[in-house]
Amino acid sequence: MMSLTFVFLIFGLSVVSVHSVTCPKNVDDMYARVYQGKCYRFHINYPAGFWYAKQACKSLGGQLAIVKTNDTNSFLYESLRDKYKFRGTAWIGLEFTTEDDIFLWSDYSVLEEQQENFADGEGEKRREGDSRQYVEVCVAMDMQAGGKWRDYICKPKRAYICEYPVVKATHSIPYPS
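Residues numbered from 1 in each chain as written. Predicted model: local features only at pLDDT ≥ 70, side-chain atom pairs only at ≥ 80, totals over all residues. Heavy atoms only, no water.

*Asks:* What is the right way to look at the overall build of the protein chain in this model?
*Replies:* For the protein chain, the count of helices and strands is three helices and 10 strands. Listing each helix as α and each strand as β along the protein chain from the N terminus yields α-β-β-β-α-β-α-β-β-β-β-β-β. A total accessible area of about 10600 Å² is found for the protein chain, and carbon and sulfur atoms account for 52% of it. (Helix = DSSP H or I, 4+ residues; strand = E, 2+ residues; numbered from the N terminus. Areas by Shrake-Rupley, 256 points an atom, 1.4 Å probe, with all protein chains shown as cover.)

This is the structure we're talking about:
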């Protein structure tokens, strides 16, 4: 490195450090995007059931996307619609737990009322017939409903969105002084 620095000084070049954030290398491809300090990977070509999708995200160091703000919901919706031309439904990291009778995010935080983005008539507990047993309830973003959320039985395969921590990188770039 010392000889490289010396060469830069002879030619009147300085070095500037540029800081950037990217997705982790194991998920960084054309279906990964960084937004507000998170990396989102859109799995639209290989749909999966909710539980498999949840495990797939976890196996790569992430979780199903947590969508606690309207800005994040808009970013995910617009990415799916505009960048990837996706028109179906995609699992997000929200599920109903029968033990606590609440919706929980992938990070085990409780869905707050101000975070809700359910389509009309969605997000309510579902019961199967007269058995009084809850049906699995997992949540997906519906492109046909403008990015609103719908609750579904967890088993059917759908696209899904994973969320990962970003990787901070520093790059040195020579420039004329």
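Moving on from the model shown.
*Asks:* How do you make sense of the state of the cysteines when you look at a structure like this?
*Replies:* Overall, the coordinates contain three disulfides when judged by the stated rule. A sulfur-sulfur distance of 1.8 Å marks the disulfide that ties Cys-138 to Cys-154. One quick way to see it: the torsion about the S-S bond of Cys-138 and Cys-154 is about 90°, and its sign makes the bridge right-handed. Here Cys-154 lies in the loop between strand E8 (149–152) and strand E9 (158–165) and Cys-138 lies in strand E7 (residues 138–142), a separation of 16 residues in the sequence. Accessibility classification places Cys-138 together with Cys-154 in one group, the buried group. Each disulfide of the protein chain joins two cysteines, and with those cysteines numbered along the sequence the arrangement is 1-2, 3-6, 4-5. (Disulfide = S-S within 2.5 Å. Buried < 20%, exposed > 50% of the residue type's maximum accessible area, 1.4 Å probe, protein only.)

*Asks:* Got a minute to help me understand the nonpolar core in this structure?
*Replies:* Nonpolar side chains tend to gather and get buried jointly when the protein is soluble and globular. Among the nonpolar cores identified, the biggest contains 29 residues, and Phe-42, Leu-76, Leu-80, Ile-92, Leu-94, Trp-149 and Ile-161 are the most heavily contacted of them. Within the second largest apolar cluster, 19 residues are counted, among which are Leu-64, Cys-138, Cys-154 and Tyr-160. (Core = buried A, V, L, I, M, F, W, Y, C linked by side-chain atoms within 4.5 Å.)

*Asks:* Got a minute to help me understand helix H3 (residues 70–83) in this structure?
*Replies:* The periodicity of an α-helix, 3.6 residues per turn, causes residues three or four positions apart to be oriented the same way. Taking 1.5 Å of rise per residue, 14 residues should cover 20 Å, and H3 covers 19 Å from first to last C-alpha, within 8% of that figure. Residues Thr-72, Asn-73, Phe-75, Leu-76, Tyr-77, Ser-79 and Leu-80 constitute the buried set of H3. Buried positions along H3 lie against strand E2 (32–35), strand E3 (38–48), strand E5 (89–97), E7, E8 and E9. Downstream of H3 by one or two residues, Lys-85 has phi in the positive range, about 55°. (Expected span 1.5 Å × (residues − 1). Contact = heavy atoms within 4.5 Å.)

*Asks:* Help me understand unusual backbone geometry in this model?
*Replies:* In the Ramachandran plot, Gln-36 falls in the positive-phi region, its phi being about 45° despite a non-glycine side chain. Inspection of the secondary structure assignment puts Gln-36 in the loop between E2 and E3. With a relative accessible area of 55%, Gln-36 lands in the exposed category. The phi dihedral of Lys-85 is positive, around 55°, even though this residue is not glycine. Its location among the elements puts Lys-85 in the loop between H3 and E5.

*Asks:* Is there a simple way to think about the pattern of salt bridges in this case?
*Replies:* It is possible for side chains bearing opposite charge to pair when their charged atoms get close. On inspection of all chains with the given rule, the structure shows seven salt bridges. Measuring nitrogen to oxygen at the nearest pair gives 3.8 Å for the salt bridge that ties Lys-68 to Asp-107. Of this pair, Lys-68 sits in the loop between strand E4 (63–64) and H3 while Asp-107 sits in the loop between strand E6 (102–105) and E7; the two residues are 39 residues apart in sequence, bridging distant segments of the chain. Arg-150 is the partner of Asp-142 in a salt bridge, and the nearest nitrogen-oxygen pair spans 2.6 Å. On the accessibility criterion, Asp-142 (8% relative accessible area) is buried. Taking the relative accessible area as the measure of exposure, Arg-150 reaches 23% and is therefore partly exposed. Through salt bridges with shared partners, a single ionic network connects Glu-122, Asp-142 and Arg-150. (Salt bridge = Lys/Arg side-chain N within 4 Å of Asp/Glu carboxyl O.)

*Asks:* Could you clarify how one ought to interpret the environment of Tyr-46 in this entry?
*Replies:* Here Tyr-46 shows up in strand E3. Residues Tyr-46 and Arg-158 lie 112 residues apart in sequence; the distance between their C-alpha atoms is 8.2 Å.

*Asks:* Even after reading the chapter, I still don't get the pairing of E9, so can you show me in this structure?
*Replies:* Within E9, seven of the eight residues are buried, which leaves the element mostly enclosed by the surrounding structure. Here E3 pairs with E9 via seven bridges, running antiparallel. In the strand pairing of E9, Tyr-40 is matched with Glu-163. Note that E4 and E9 share two bridges and pair antiparallel. Across the sheet, residue Gln-63 finds its bridge partner in E9, namely Glu-163. In this structure, E5 lies alongside E9, joined through two bridges in parallel fashion. Residue pairing for E9: Trp-91 is matched across the bridge by Tyr-160. (Pairing = 2+ DSSP bridges.)

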